[in-house]
Amino acid sequence: MKYLKKIFYLINIFCLPFHLLFSFDILQVQFAQKRIAIIGTGYVGLISGAGFAQIGHKVICVDIDQEKIKNLKQGIMPIYEEGLKELVQKHSNNGNLSFTTDIQKALDQSDIIIIAVGTPVGNDGAASMSAFRAVVSSLAQYMSGHKIICIKSTVPVGTNKYTVSFLQKNIKKSVNKEATFDIISNPEFLREGCAVKDFFGRNPIVVGGESKKALYEVCQMYKPLIDDGQPLIVTNPVTAETIKYAWNTFLKVRISYVNDMARFCCAVGADINGIIKGIALSDFHLPTERISPGPGIGGSCFPKDALALINLSRKYGVPLPMVEATVIANKMHKNWIVDQVYELLDNNVTGKNIAILGVAFKANTDDVRYSPAIEALDRFLDDGAHVRVYDPRAMSNMAVLFPDAAYCDSLYDAICDADAILLLTEWNEFKQVNLEQIAKLVRQKNIVDGRNIWDPDELERNGFAFRNLARRSNI
Ligand code: UDX
């Protein structure tokens, strides 16, 4: 095992660009407890905060949202994420993790500052940087001594440069004129629904900076994770910034391609599972679960980062037709899934009862941002259908967007008297349903399985007319 680790480190070291290759050896980096301030307690900030506390650091999380901080102090989480609550409670109790709205206090008691505020899509598709800029202004105002600033928010390429020049100019105007800093680009790759596991598991660690000393200290901060075998990429800031966009859009290109194939297979009668196995073999490391067709890509990162990348590419005069195509493909695919319900109901949904199973953009999260369910609810309600929704976690978030749908206590409640069922999220609970019982409860036996979780043979045996993403009989 030790030997394997050594080889792994060597691989990691070869990820270093030439000018950094001999600057320090990751094998020699010693762990040191850091005092960390994390600004922004959204998905990324909160999970990172709990994660860094767990690997032995002192962490203080800051947010301007007083209600959120008040709740966090009482152990109430703003989001659902497996394992998060337990971790936050454990480290709040042992004093390694604390919460505040007072940014100055947080800065005073930290050496490393991690910016993890949101950068949502602005009107023109570019990432909106208002929260990020507000944080940087506060840093200029309140920082004292020397700080390492890690940028974890997904930011447009060039933000490191902007931050350096902004701080240099504005620190001079502040009370603490002598404050100094280093900036490190340190993007995150956490997947919602398994973000805590990802923090300690497969997540790559990317650190981009100009200062060797700061890079060394950030590697110290991640040392326990690096020792556990997480891949490390040490590089320059602009490369680190670009890796994040490249990573997300690469995954989006892949899934959009698979979704295209699923629709093609539906038309020609091929089995998507066979196709996926074939594609996976073309790349030794590609697990089939990461190239499964679905009802369309949702979530905060994929759609927003593709739009931000397209916006940047236009600014730089470098068209990215592959990336642009994923946006068009995804929009079309989300509508195609909904079209399947219309087709089963002879293109007339007015007055029909439609059950939507799953409104979260994927399983194990309560997040509904860019969820395919949005298209479905929008069209069905607009056309006068009665929509009954069930989702184990995400109903209250969707109810804010679509108060006119009925939100049900159970799957069986939602499908009762349904003329059609549309399944959009791959919750485990849905995989284990009793299709025989469902057949007895519905008014018309129509099903669209947007996640390929139900066995076509069983659907057929129970008399359903159904559509899926080209999943054929189990042969
Ligand atoms: C993604 C990236 O995976 C993560 O590394 C990044 O930093 C943030 O964005 P996340 O948005 O949480 O994470 O979800 P992910 O599991 O990657 O899925 C994104 C979308 O693609 C979901 O709508 C999901 O249902 C869909 N998907 C994913 C598929 O349709 N098929 C797949 O095989 C995988």
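Asker: Explain the pattern of salt bridges to me, and be specific about the residues and the numbers.
Answerer: This model, assessed by the stated rule, comprises 17 salt bridges. Put simply, K68 and D63 hold a salt bridge, and the shortest N to O gap is 3.8 Å. Here K68 falls in the partly exposed class, since its relative accessible area comes to 21%. Judged by its relative accessible area of 11%, D63 is buried.

Asker: Give me the packing of helix α11 (residues 237–268) against helix α14 (residues 321–344): which residues, what numbers.
Answerer: Where α11 contacts α14, the two axes come as close as 9 Å, and the packing angle between them is 45 degrees. The orientation of α11 relative to α14 falls into the category oblique. Crossing hand, α11 versus α14: left-handed. Residues T249, K252, V253, S256, N259, D260, R263 and C266 of α11 form the contact with α14, whose own contacting residues are M322, V323, T326, V327, A329, N330, M332, H333 and W336.

Asker: How would you summarise the nonpolar core if you had to cite specific residues and measurements?
Answerer: In this structure, I356, L357, L377, F380, I421, I438 and W454 are the most contacted members of the largest nonpolar core, which totals 63 residues. The dominant element in this core, judged by the number of residues it contributes, is α14, at 6 residues. When neighbours within four sequence positions are excluded, I356 is seen to be in contact with A376, L377, F380, V387, R388, V389, Y390, L422 and L424. Of all hydrophobic cores here, the second largest spans 45 residues; its members include C61, L72, I148 and V234.

Asker: I'd love a proper account of the site of the ligand, names of residues and values included.
Answerer: Among the 23 residues in the neighbourhood of the ligand, the closest are listed as E192, W247, S292, G298 and R451. Interatomic distance of 2.7 Å between a side-chain N/O atom of W247 and an oxygen atom of the ligand. R451 places a polar side-chain atom, nitrogen or oxygen, 2.9 Å from an oxygen atom of the ligand. In isolation the ligand offers 660 Å² of accessible surface; the protein chains occlude 96% of this area. Elements with a minimum of two residues in the shell around the ligand: α11 and α13 (301–315). Take the shell around the ligand: its biggest share by element is 5 residues, from α11.

Asker: Can you break down the layout of surface pockets residue by residue, with the values?
Answerer: Reported here for the largest pocket is a volume of approximately 1,200 Å³. E289, R290, K362, E426 and R451 are, among the 41 residues lining the largest pocket, the residues nearest its centre. Broken down by secondary-structure element, the contributors of at least two residues to the lining of the largest pocket are α11, α12 (272–282), α13 and α18 (428–431). Counting residues per element, the lining of the largest pocket draws most heavily on α11, at 6 residues. Among the residues making up the lining of the largest pocket, the classes are represented as 16 nonpolar, 13 polar and 12 charged. Empty space within the second largest pocket amounts to approximately 900 Å³.

Asker: Provide a residue-level description of the sheet that holds strand β10 (residues 386–390), including the pertinent values.
Answerer: One open sheet accounts for 6 strands, arranged β11-β10-β9-β12-β13-β14; its pairing is parallel. Because the sheet does not close on itself, it has two edges, and the strands there are β11 (406–407) and β14 (465–468). Taken together, the 2 bridges between β10 and β11 define a ladder with parallel strand orientation. Counterpart to V389 in the pairing with β11 is Y407.

Asker: Before we move on, could you go through the side chain of N203 and cite the residues and values that matter?
Answerer: Mapped onto the elements, N203 comes out in the loop between α9 (195–200) and β7 (205–209). Among residues more than four places away in sequence, those in contact with N203 are F189, L190, D198, Q230 and P231.

Asker: Which residues make up the packing of aromatic side chains, and what are the values?
Answerer: Overall, the coordinates contain 7 aromatic pairs when judged by the stated rule. On the basis of an interplanar angle of 55 degrees and a centroid distance of 4.5 Å, the ring pair of F189 and W247 is categorised as tilted. Of the two residues, F189 is situated in the loop between β6 (180–185) and α9 and W247 in helix α11; the sequence distance between them amounts to 58 residues. Every member of this aromatic cluster is reached through a ring pair, and the members are F52, F199, F200 and Y222. The ring of Y80 carries the charged tip of R393 above its face, separated from the ring centre by 3.7 Å.

About the criteria used
Residues numbered from 1 in each chain as written. Predicted model: local features only at pLDDT ≥ 70, side-chain atom pairs only at ≥ 80, totals over all residues. Heavy atoms only, no water. Salt bridge = Lys/Arg side-chain N within 4 Å of Asp/Glu carboxyl O. Buried < 20%, exposed > 50% of the residue type's maximum accessible area, 1.4 Å probe, protein only. Axes fitted to C-alpha atoms, helices over the stretch in contact; angles between N-to-C directions. Helix = DSSP H or I, 4+ residues; strand = E, 2+ residues; numbered from the N terminus. Parallel < 35°, antiparallel > 145°, perpendicular 65-115°, else oblique. Left-handed = near helix turned anticlockwise from the far one by under 90°. Contact = heavy atoms within 4.5 Å. Core = buried A, V, L, I, M, F, W, Y, C linked by side-chain atoms within 4.5 Å. Near = heavy atom within 4 Å. Polar contact = N/O pair within 3.5 Å; in protein donor to acceptor, adjacent residues only side chain to side chain. Areas by Shrake-Rupley, 256 points an atom, 1.4 Å probe, with all protein chains shown as cover. 1 Å grid on protein atoms, 1.4 Å probe; cavity = no way out; pocket = protein on both sides within 12 Å on 5 of 7 lines; lining within 4 Å. Points joined across faces, edges and corners; volume = space filled by probe spheres on them. Nonpolar A, V, L, I, M, F, W, Y, C, P; charged D, E, K, R; others polar. Pairing = 2+ DSSP bridges. Phe/Tyr/Trp six-rings, centres within 6.5 Å; stacked < 30°, edge-to-face > 60°. Lys NZ or Arg CZ within 6 Å of the ring centre and 35° of its normal.

That's the geometry; what it means functionally is another story.
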